[in-house]
Amino acid sequence: MRSIRRELLVWLLLGIALAVAAAMVGTYWRARDEANALFDYQLKEMAASLTDAPFAAVPAGAGTIGAGSDAMVVQIWDRNGVQLFLSQPRRVLPQNAQLGFTTLSTESGPWRVFSALAAEQVVQIAQPMSARRELAASMALRTIIPLLAVLPFLAVLIWFTIARGLKPLDRVAAAVARRSPTLLEPLPETDLPREVQPLVGALNDLLSRLSHTLHAQRAFVADAAHELRTPLTAVHLQAQLAERATTDAERAAALGELKDGLERATRLVEQLLTLAREEPGVSEVPPASVDLAALAREVIADLAPLAGAKGIDLGLSSTAASMVKGGADPLRTLISNLVDNAIRYTPTGGRVDVVLADDAGSVVLTVRDSGPGIAVEDRERVFDRFYRGNGAGGIRGSGLGLAIVKQIAERHRADVELGTGIDGRGLGVTVRFTQPIPGSRCREELSSTQKIV
Amino acid sequence: MRVLLAEDDAMIGASVRRGLSQDGFTVDWVEDGRAAELALAERVHDAVLLDLGLPRKSGLEVLSAMRRGGDTRPVLIMTARDAIADRVAGLDAGADDYVVKPFDLTELAARLRALWRRGVGRADPILAFGVIELDPASHETRVRGQPVSLSAREFALLQALLARPGAVLSRAQLEAKLYGWSDSVESNAVEVHIHALRKKLGADLIRNVRGVGWMVAKPDAPQATS
C-alpha cells in the first residue's frame, strides 16, 4: 500500500542528499580553483627565489621541497640544455622550453610546470596536479561532514512533522467510521487544514445527496406500502364475499370481482416494479436505436380493443425521424401509459391521437385526447407519485402512470410537457427527445396516418 | 341499522356495502368528503364508516366538522395507515373506533353493532324485551326461547323499536332506518312489516300512536287497560 508518509520521507531525504552532493561538488570545484591559484603563486615565488642565486653546482639530495606526492620537483638547465640540477632524480621531467605556466601530462598524471629564464639558466618547477585535487577534496569533505551528521535528525523531524500534518485525515476517517449507515449528518468542517477541507466538503456533499435519496426512497416505500393496502383490502373483502356466497350465481359474481381485484393489485405491483427499474442510476439506458413509430404502432394495436370498447377513435400520425436512443421496453411503457391514460379519461365517442414529429432535429411524441384535460394548477403535481387528480370523471388510477412516464423520459433525456389536447380541449402530453441520432431516418411519409377503430 | 359508508375506492366500497347488507345493515355509500357531509346533514344514519383518504374533503376534516357541529353519532374509521400517530389522530378528532385495512367484514359488522349498542346505552349484545330476545349478530329472534323467523326488514324494524322502548317512531323515521337511497319504498311498506311482526310476535307488542307513529311500551310502564 502506498504511504504518503513514507513517500514524503524518501523523496525529501533524497532531495536533501542530492543537495548535499551538489554542495560537495561545488565546494570541491571552488577549492580546486583556489588551490590552483595558491600553488601557481607558490611555484612562481619559488622560481623567482631560485633564479636570484646563480647555480654552480647543486649538492645531490638537496632541493627536495616537501615530500610525498605533492613534492615539487625543481630542474635547472644552462643555456646549452645541460642539466645543472634535478631535485628528484627519479622523476623525469621533460625539458620544457616553454616559459610561464604549462600543464603536462606524464605517466604519473598531469603536472603543473612553471619555467622561468634567469641569467644563463632556465629554472623549471613542477608539481603534480594530484596534490591540488587532494587538497580540494579534503576541503570539500570537511564542509560536508556536519551536513551528513544532521541528516538522521532531519529524517526523524520529517517523519513526525508528516504524522502531525496528517492527523486531521485520521480524525476525518474516525468520524466517517463512527457514522451509522442511516445517520447521514455532515462531518464537522471546523479546524481543518486547507488540504483536507475539499475532501470533507466533497464527503459532506455526497452525504447530503445520499440522505436526500434515502429520504425519498423511504417515503416511496411507505407510500407504496400504503397504496398496496388499498387493492389488497379490496381483494380481501372480495374473497370474504365469495366465501359467504350461498348460491352459485352469487359465488360466480363474487369470484369475478375477486379476479378484477387481483388484476388491479397485479397491475399496481407491476407499475411499482417499473418505477423501481427506471429509477435513475439503477441501470444504464441501452444505447440502441429505437423506432418510436414502430413502438407506437405496437402500443396502438394492443390498446385498440380498449379504445374500440369505448368507441374512441385512436390513431397514429408520424413523420420522418422517429429514431431515438434508448431502451425499447421502457419507451414502449412510456407510450403505452400515455395512450392508456388518454383512453381511460376520454369519454365514449372521443378521440385519441398519437403524433410523432420532427422539430428542429428533436423527435417529438404527442398524445392528445378529447377528454376533460388537467387543470393548469394541477399540471405540475400529476407527475408526483401516487398523486390523483380530484376524481376526473370518476376514474381513479394508481397515481403512478404519469410518474412512470416522467421517470422514463428523464432517463432518456426527454422533456415532458402537459398542454391542451384536441381542438383546445382535453389533455396533450408532449415528450421531446433532445438527442436525435444523425443519419438514421425513418422512411415514413407525412400522409401515412393510420386509423384503427 | 342504517350506516353511511364514505369510501373512495370503488372495489372496497362495493364489497363493504354488499357485505354489510348481507349482515342486515342498510348501507348508503358516498365516494368523497363533500358528499359525506351532505348525507350526514340528512341525519338518517345511525353510524358512519369513514375512510380517511377521501378526495375533496378528507375523512378527518369531515369528522372534525361533525363533532364541532354537535353530531354525536358513532364514527368508525377505516384507515390504510397503521402508524399509531394516524390512529391517534383519528380517535382524537372524535372517532369512536377504527379498523386498519385490510379488515374483516364480520369484524367490521361486529364493531358497528358494538358502536350501536353503546350509542343506545346498552351493554348486553342480546336485545331482550319481555319474552322476546333479539340477537343482532346472528339475526335470530326468539319468543320464550323458541326461534321465530323474521325477514331482514322485519328484524331491522323490530330492532329499531326495541332499541328505545317508549319512544314513538314515525313512519319517516322507520323508513329511513329500513331503506337506503337505492331502495324503492312502497307507500305502505312500514305498515306491511308491522302487520307481519304483530302476526308473528303478538298483536299487543307494537302499539300504534295514531297520527304520530309506532312504539313498544316500556316494560315497567303501566299497561293500557281496555
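Bear in mind that the values here come from a model prediction, so they are computed numbers and not experimental data.

1. Examining the interface of chain A and chain B
Moving on, step 1. The partner chain B presents 19 residues to the 16 residues of chain A that form the contact.
Moving on, step 2. Looking at the side of chain A that touches chain B, the element that brings in the most residues is helix α3 (residues 197-244) of chain A, giving 12 residues.
Moving on, step 3. Taken together, the residues of the side of chain A that touches chain B sort by class into four nonpolar, nine polar and three charged.

2. Considering the sheet that holds strand β6 (residues 127-129) of chain B
Residue and element names in this part refer to chain B.
Moving on, step 1. As summarised here, the arrangement of the four strands in space is β6-β7-β8-β9, forming an open sheet in which the pairing is antiparallel. The open sheet is flanked by β6 and β9 (146-148), the only strands paired with a single partner. Ignoring which end each strand starts from, the neighbouring axes of this sheet average 25° apart.
Moving on, step 2. Pairing between strand β8 (residues 140-143) and β9: three bridges, direction antiparallel. Residue T141 lies in a different strand from β9, and its bridge partner there is V148.

3. Quick look at the pairing of strand β7 (residues 132-135) of chain B
Residue and element names in this part refer to chain B.
Moving on, step 1. Alignment of β6 against β7, held across three bridges, turns out to be antiparallel. Across the sheet, L127 pairs through a bridge with L134, a residue of β7.
Moving on, step 2. The turn joining β6 and β7, which pair antiparallel and follow one another in sequence, is formed by two residues; a positive phi near 60° is taken by G130.
Moving on, step 3. Relative to β8, β7 runs antiparallel, the two sharing four bridges. When the bridges of β8 are listed, D135 appears paired with E140.
Moving on, step 4. Taking the residues between adjacent antiparallel strands as the criterion, β7 and β8 are bridged by four residues, where H139 takes a positive phi near 60°.

4. A look at the packing of helix α2 (residues 33-41) of chain B against helix α3 (residues 59-68) of chain B
All names here are of chain B.
Moving on, step 1. With their axes 9 Å apart at the nearest point, α2 and α3 run at an angle of 25° to one another. As summarised for this structure, α2 and α3 are arranged roughly parallel, according to the angle between their axes. Once α2 is placed against α3, the crossing between them reads as right-handed. The segment α2 lies against α3, with G33, A36, E37 and L40 engaging G59, E61, V62, A65 and M66.
Moving on, step 2. Taken together, the residues of the contact of α2 with α3 break down into five nonpolar, two polar and two charged.

5. A few points about helix α1 (residues 10-22) of chain B
Moving on, step 1. With 13 residues, α1 of chain B extends 18 Å from end C-alpha to end C-alpha; this agrees with the ideal 18 Å at 1.5 Å per step.
Moving on, step 2. Of the surrounding elements, those touching the buried residues of α1 of chain B are α3 and α4 (248-277) of chain A together with β1 (2-6), β2 (26-30) and α5 (105-119) of chain B.
Moving on, step 3. Two residues or fewer past α1 of chain B, G24 of chain B is found with a positive phi of approximately 90°.

6. Side note on the sheet that holds strand β5 (residues 121-128) of chain A
Residue and element names in this part refer to chain A.
Moving on, step 1. Read across the open sheet, the five strands follow the order β2-β1-β5-β4-β3; overall the sheet is antiparallel. The open sheet has two edge strands, β2 (83-86) and β3 (100-106), and neither has a second partner. Direction aside, the axes of adjacent strands within the sheet are offset by 20° on average.
Moving on, step 2. Across three bridges, strand β1 (residues 73-78) lies against β2 in antiparallel orientation. Paired with I76 across the bridge in β2 is F85.
Moving on, step 3. Relative to the sheet, helix α2 (residues 129-178) contacts β4 (109-118) and β5, its axis offset from that of β4 by approximately 120°.

7. Some points on the nonpolar core
Moving on, step 1. Of all hydrophobic cores here, the largest spans 63 residues; its most connected members are V3, L4, A6, L49, L50 and L76 of chain B.
Moving on, step 2. Broken down by element, the residue count for this core peaks at seven residues, all from helix α6 (residues 152-163) of chain B.
Moving on, step 3. With sequence-adjacent residues up to four places away left out, V3 of chain B is seen in contact with L20, F25, T26, V27, H45, D46, A47, L49 and L112 of chain B.
Moving on, step 4. Counting 43 residues, the second-largest nonpolar core is a separate cluster that includes L365, V382, I408 and F433 of chain A.

8. Quick look at the environment of V324 of chain A
Residues and elements named next belong to chain A.
Moving on, step 1. Note on placement: V324 falls in strand β8 (residues 323-325).
Moving on, step 2. Of the residues examined, V324 has 25 C-beta atoms within 10 Å and is grouped as buried.
Moving on, step 3. Distance from V324 to T434, taken between C-alpha atoms, is 9.0 Å for residues 110 residues apart in sequence.

9. Comments concerning the pairing of strand β11 (residues 414-420) of chain A
Residue and element names in this part refer to chain A.
Moving on, step 1. As defined by bridge partners, β11 adjoins strand β12 (residues 427-433) across seven bridges and the pair is classed as antiparallel. Directly across from V416, in β12, lies its bridge partner V431.
Moving on, step 2. The turn linking β11 back onto β12 is made up of six residues, and D423 within it adopts a positive phi angle of 55°.

10. Here's the deal with the packing of α3 of chain A against α4 of chain A
Residues and elements named next belong to chain A.
Moving on, step 1. Between α3 and α4, whose axes approach to 8 Å, the crossing angle comes to 165°. Overall, the two elements α3 and α4 adopt an arrangement that is roughly antiparallel. Viewed along their axes, α3 and α4 form a crossing whose handedness is left-handed. Residues A224, E227, L228, P231, L232, A234, V235, Q238, A239, L241 and A242 of α3 pack against R251, A254, L255, E257, L258, G261, L262, R264, A265, L268 and L272 of α4.
Moving on, step 2. In terms of residue class, the contact of α3 with α4 is made up of 16 nonpolar, two polar and four charged.

Each value, and the rule that gives it
Residues numbered from 1 in each chain as written. Chains lettered and ligands numbered in written order. Predicted model: local features only at pLDDT ≥ 70, side-chain atom pairs only at ≥ 80, totals over all residues. Contact = placed C-beta atoms within 7 Å. Helix = DSSP H or I, 4+ residues; strand = E, 2+ residues; numbered from the N terminus. Nonpolar A, V, L, I, M, F, W, Y, C, P; charged D, E, K, R; others polar. Pairing = 2+ DSSP bridges. Axes fitted to C-alpha atoms, helices over the stretch in contact; angles between N-to-C directions. Parallel < 35°, antiparallel > 145°, perpendicular 65-115°, else oblique. Left-handed = near helix turned anticlockwise from the far one by under 90°. Expected span 1.5 Å × (residues − 1). Core = buried A, V, L, I, M, F, W, Y, C linked by C-beta atoms within 7 Å. Buried ≥ 20, exposed ≤ 12 C-beta atoms within 10 Å, placed from the backbone.

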